[in-house]
Amino acid sequence: MKAFAQLYAELDATTSSNAKLAAMQHYFAQAAPEDAAWAVYFLSGGRPRQLVPVRILRELAVAVSGLSPWLFEESYQAVGDMAETISLVLPEAVHSSDDGLAVWIEKKLLPLRGESPEVLAEQLPKLWSQLDRSSLMLCIKLITGSFRVGVSKLLVTRALASMAHLDSKRVAQRLVGYTDLSNRPSAASYLKLIAPESTDEHAQRGGQPYPFFLAHALSQPVEQFEALLGPASQWQVEWKWDGIRAQVVKREGRLWIWSRGEELVTERFPELDSLVHGLPDGTVIDGEIVAWKAATADTEDAFDPQAPTSPSVQPFALLQQRIGRKTLGKKILDEVPVVVLAYDLLEWAGEDWRNQPQAARRAQLDQVIADCNNPVLLSSPVLTGDDWFDLARQREASRSLGVEGMMLKARDALYGVGRTKDMGVWWKWKVDPYSVDAVLIYAQRGHGRRASLYSDYTFAVWDGPAEASERTLVPFAKAYSGLTDEEMRQVDSIVRKTTVEKFGPVSSVKPSLVFELGFEGIALSKRHKSGIAVRFPRMLRWRRDKSVDEADNLATLQDLLG
Amino acid sequence: MDLVIARPEGLYCPAGEFYIDPWRPVERSVITHAHGDHARTGNEHYLAAAPGEGILRARLGQDINLQTLAYGERLLHHGVTLSFHPAGHVLGSAQVRLEYGGEVWVASGDYKIEPDGTCAPFEPVRCHTFITESTFGLPIYRWQPQAQVFAEINQWWQANAAEDKTSVLFCYSFGKAQRILHGIDASLGPILTHGAVEPLNRVYRESGVYIPPTLYAGDIKKSDPIMRKALVIAPPSAGGSTWMRRFGDYSDGFASGWMRLRGTRRRRGVDRGFVLSDHADWPGLLWAIEQTGAQRVMVTHGSVAVLVRHLREQGLDAQGFSTEYGDDEEELNATETGTASAEVLP
């Protein structure tokens, strides 16, 4: 436990990838396999469900520290992290436990799940008193499932690969599904990750997907495309869909569907079950699951698996409602049916096709889709244009088509791993976000790196035009990203000086700050006072040049709804 | 009658007609210590504890109209008996004790409980009413013994030197810098200082405080091999400036009480945060308040509301005093110090 806490502290203290890599290599070289197994699990994003309710942790911390509940709450507001707060207010203990991470997780922490408050009140303080402060903070983060540290899965992969002298793509392959809830890390599973290459590696895979190849953002002006990318004819161009990136795996007579988070989501999409019949064994397809427009006049066209000429995708907000459901009733399945828009073929006839050029994979994919002949599996259309300017013109239709822009894939590129660029590149050429000028009306202190800083804001627009005799500000979005550290410090200081009232951690401020807010999507919402919900809101710019009166009003938002 | 009240110019003693650490120019000022937010220019008369004279003159001007008293020495002014008592914060820092008509008030200024060898240690003074600071007035702030922090700094410096990396330690140039220089193991390698730190070292040395030999960083060439083994003491404002270029590959650290929190540590963006403060931590504040025996406590700059509420729960008559202190670098949350400029001496 102490060694892992030490690793956490080192990873947390640096922003350098090389330093993080070195720290992980050092840890893995020393750790027992059963401990390393859990370390890999947590570092690559695995999170067991919460073991103890935060409410109980809070009550116990208050009891053990002897603080008044309000004083604990004030402390939490200043720290911005529950695990850290608890570790800071409990009496400092001498580290007395030699048990490794695996023993702590398997023998001491996992058994706490479902225990009665009385048992927890008896057990937890005993566990806490064995740990020094940094181990204690880590322990509580593991209990609450809030363990996060700034390493990417790719970096973990690289650390393991270099230690085991393996190709990092091979390690990435083996890591797929490692953090799935159904998998319990063990010494054996860790040793498998770092074992030498075996010849039957492919056969061992079962329902395993391939690591997803991820795109990079392209934000240069179109005038530079020719120089940057070469002629448009060398690129495969597709719409960028607003759905769930997924791999459809068909092997051994079974079908598995994996989301980009490497979560097995087969059961979330029962209408895709029928693909088990249409796809031959040894097929893996990469594509996007989208909510598809229910039967309308142009259905025939849209459902033509060969060439859907116009996308009939529904807003992501609808898909999201479906994802949120615990049980999928007939009603929601009827209202929000999904299809797979396929755009890549990773495995065909049991062969790994990732080293085939993009164009060849695409040609074979279209053949697979045609043979499958199932309306839930469509080909994401390939777009053609005379040149980049022509494509840029076509891209202007993105909003009305319900897509986020275009994807550009080099026709001769191979299918890489994660956000790598050595095998070829995928670019996402997104349309500019929607934007409105909004007024900051509430602020809340942030977490983690922004603890104690007022960094989370609620924004409002006017409910009437400037001429209106009486109008008020209606909140419609929360945002906390897009400002530089320096700007955030300035906003923080203004918030402190202009606070009108405090409701718990939230401060209402005298409206004085206007920001240009960007967002990706907009939809009607009954849950919001403004009647509108926006997707991925963030601050694009601080409009110091605008007064509060010049901010936009609800009519602007309603116009964007189209 | 209250011996001290809050006025727009600062904390004011009506009976004695003088101000304590005023933030606007006044006729008579009593100064607790020489940090920029407590000692400002423009007052006609200054009264301070004798050990602080050198720094006060260095910061406010050699020609200020300054009268000093030794710690414990009493002065009677308009019927108010005034004396200074060590606050343990920085060289020359003092609490101000006022006695009038049988009532005793003590204004703490800034204070620290743990003795550090660079200034007279904090002495609790019995009083009826205690005016306390509250910079670190939350239970999350609890300091390790400083020996442990110095050992961490030594270790970090040694490890860097072994890799031929310069160790750049950011800290406030008045007080913290000298405390660190006094506390670390100077035998580990050469020590370089920034131009804002060196003049203060001189004042400390002249006052008889041991500060190990230091070199002015500006005199050392980038190619000089001692650079790679050196510990550099610099003010936070030097971070990110062109001044840093001379160090090539370096590791940086920051010494402040705010480094206790992971969030502020990360915001600072330094390799290491060392938790070292010249202010009292939460247990220190409560201990100091208890030691005074005061039934009434006035809380200034920091976590005023929290400390007031806590003291009231303990049965004390506590209230907040609104002041304009807290612009000194350590009292600002570490995130905001980038803009503080009161670093360079005249």
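Cut-off values and rules
Residues numbered from 1 in each chain as written. Chains lettered and ligands numbered in written order. Predicted model: local features only at pLDDT ≥ 70, side-chain atom pairs only at ≥ 80, totals over all residues. Helix = DSSP H or I, 4+ residues; strand = E, 2+ residues; numbered from the N terminus. Buried ≥ 20, exposed ≤ 12 C-beta atoms within 10 Å, placed from the backbone. Axes fitted to C-alpha atoms, helices over the stretch in contact; angles between N-to-C directions. Left-handed = near helix turned anticlockwise from the far one by under 90°. Contact = placed C-beta atoms within 7 Å. Nonpolar A, V, L, I, M, F, W, Y, C, P; charged D, E, K, R; others polar. Pairing = 2+ DSSP bridges. Core = buried A, V, L, I, M, F, W, Y, C linked by C-beta atoms within 7 Å. Domains from an automatic or database assignment. pLDDT = per-residue confidence, 0-100.

### Re the environment of G248(B)
With respect to the helices, strands and loops of the structure, G248(B) is situated in the loop between β15 (231–234) and β16 (250–255). Classification of G248(B) as partly exposed rests on a count of 13 C-beta atoms within 10 Å.

### Here's the deal with the packing of helix α6 (residues 82–89) of chain A against helix α9 (residues 133–144) of chain A
A pair of packed helices can be characterised by two numbers: the angle between their axes and the separation between those axes. Residue and element names in this part refer to chain A. Interaxial distance between α6 and α9 falls to 8 Å at its minimum, and their mutual angle equals 145 degrees. Of the two elements, α6 crosses α9, and the hand of that crossing is right-handed. In contact with M82, A83, E84, I86 and S87 of α6, α9 contributes R133, L136, M137, I140, K141 and T144. Along the lines of polarity and charge, the residues of the contact of α6 with α9 split into six nonpolar, two polar and three charged.

### Description of the sheet that holds strand β17 (residues 272–274) of chain B
All names here are of chain B. The six strands lie next to each other as β14-β13-β15-β12-β16-β17, forming an open sheet whose pairing is parallel. One side of each edge strand has no neighbouring strand; the edge strands of this open sheet are β14 (215–216) and β17. Pairing between strand β13 (residues 191–193) and β14: two bridges, direction parallel. Following the sheet pairing, T193 is matched in β14 by Y216.

### Quick word on the nonpolar core
Ranked by size, the top nonpolar core spans 211 residues in total, and within it A39(A), V40(A), V290(A), V340(A), L169(B), V232(B) and I233(B) carry the most contacts. In this structure V340(A) touches A246(A), V248(A), L272(A), G287(A), I289(A), V376(A) and L377(A), once residues within four positions along its chain are discounted. V439(A), V461(A), M488(A) and L517(A) belong to the second-largest nonpolar core, a separate cluster that totals 33 residues.

### Focus on unusual backbone geometry
Most of the time, phi is negative for any residue but glycine, and the peptide bond is trans. Notably, E252(A) is not glycine yet its phi reads approximately 50 degrees, a positive angle. For E252(A), the position within the fold is in the loop between β3 (244–251) and β4 (254–259). For E252(A), a count of 11 C-beta atoms within 10 Å translates into the label exposed. With a phi angle near 50 degrees, H78(B) is a residue other than glycine that sits in the positive phi range. Locating H78(B) in the fold gives a position in the loop between β7 (74–77) and β8 (80–86).

### Observations concerning the domain arrangement of chain B
Residue and element names in this part refer to chain B. Taken as a whole, chain B is organised into domain 1 (5–141 + 279–339) and domain 2 (146–274). Domain 1 and domain 2 are separated by 28 Å when their C-alpha centres are compared. Contacts between domain 1 and domain 2 engage 22 residues on the former and 22 residues on the latter.

### A short note on the interface of chain B and chain A
Contact with chain B, which involves 17 residues of that partner, is made by 24 residues of chain A. Looking at the side of chain B that touches chain A, the elements that each hand over two or more residues are α5 (262–268) and α7 (304–313) of chain B. Broken down by element, the residue count for the side of chain B that touches chain A peaks at four residues, all from α5(B). Residue composition of the side of chain B that touches chain A, grouped by class: five nonpolar, five polar and seven charged.

### Let's talk about helix α11 (residues 168–175) of chain A
All names here are of chain A. Within α11, six of the eight residues are buried, leaving the element largely enclosed by the surrounding structure. Taken residue by residue, α11 has S168, V171, A172, Q173, R174 and L175 as its buried positions. Along its buried surface, α11 packs onto α10 (153–164) and α12 (187–193). Positioned one or two residues after α11, G177 has a phi angle of 85 degrees, which is positive.

### Considering the pairing of strand β10 (residues 103–107) of chain B
All names here are of chain B. Of the strand pairs in this sheet, strand β9 (residues 94–100) and β10 are connected by five bridges, and their pairing is antiparallel. Looking at β10, one finds that E99 is bridged to V104. In textbook terms, the turn of a hairpin is the stretch between consecutive antiparallel strands, and for β9 and β10 this stretch comprises two residues, one of which, G101, has a positive phi near 55 degrees. Sheet topology note: the β10/strand β11 (residues 129–134) ladder contains three bridges and is parallel. In the strand pairing of β11, V106 is matched with F130.

### Regarding the environment of H26(A)
Residue and element names in this part refer to chain A. Secondary-structure assignment places H26 in helix α2 (residues 17–30). You can call H26 partly exposed: it has 16 C-beta atoms within 10 Å. Taking the C-alpha atoms as reference points, H26 and F147, separated by 121 residues in sequence, lie 20 Å from one another.

### Quick look at the confidence of the model for chain A
On average, residues of chain A score 88 in pLDDT, and 95% of them are at 70 or above. Contacts for the low-pLDDT stretch residues 295–309 of chain A, under 50 throughout, to residues beyond four places or in other chains number 17 contacts.

### Topic: the sheet that holds strand β1 (residues 216–217) of chain A
The strands making up a sheet are joined through hydrogen bonds of the backbone, oriented either antiparallel or parallel. Residues and elements named next belong to chain A. The five strands are arranged β1-β11-β10-β2-β9 in an open sheet whose pairing can be described as mixed. The open sheet has two edge strands with one neighbour each: β1 and β9 (382–383). Where β1 and strand β11 (residues 426–430) come together, two bridges link them in parallel fashion. By the bridge assignment, A217 is partnered in β11 with K428. Together, β2 (235–239), β9 and β10 (405–410) form the strand contacts of helix α18 (residues 358–372), whose direction differs from that of β2 by roughly 50 degrees. Along the sheet, helix α19 (residues 388–395) contacts β2, β9, β10 and β11; its crossing angle with β10, the most-contacted strand, is approximately 145 degrees.

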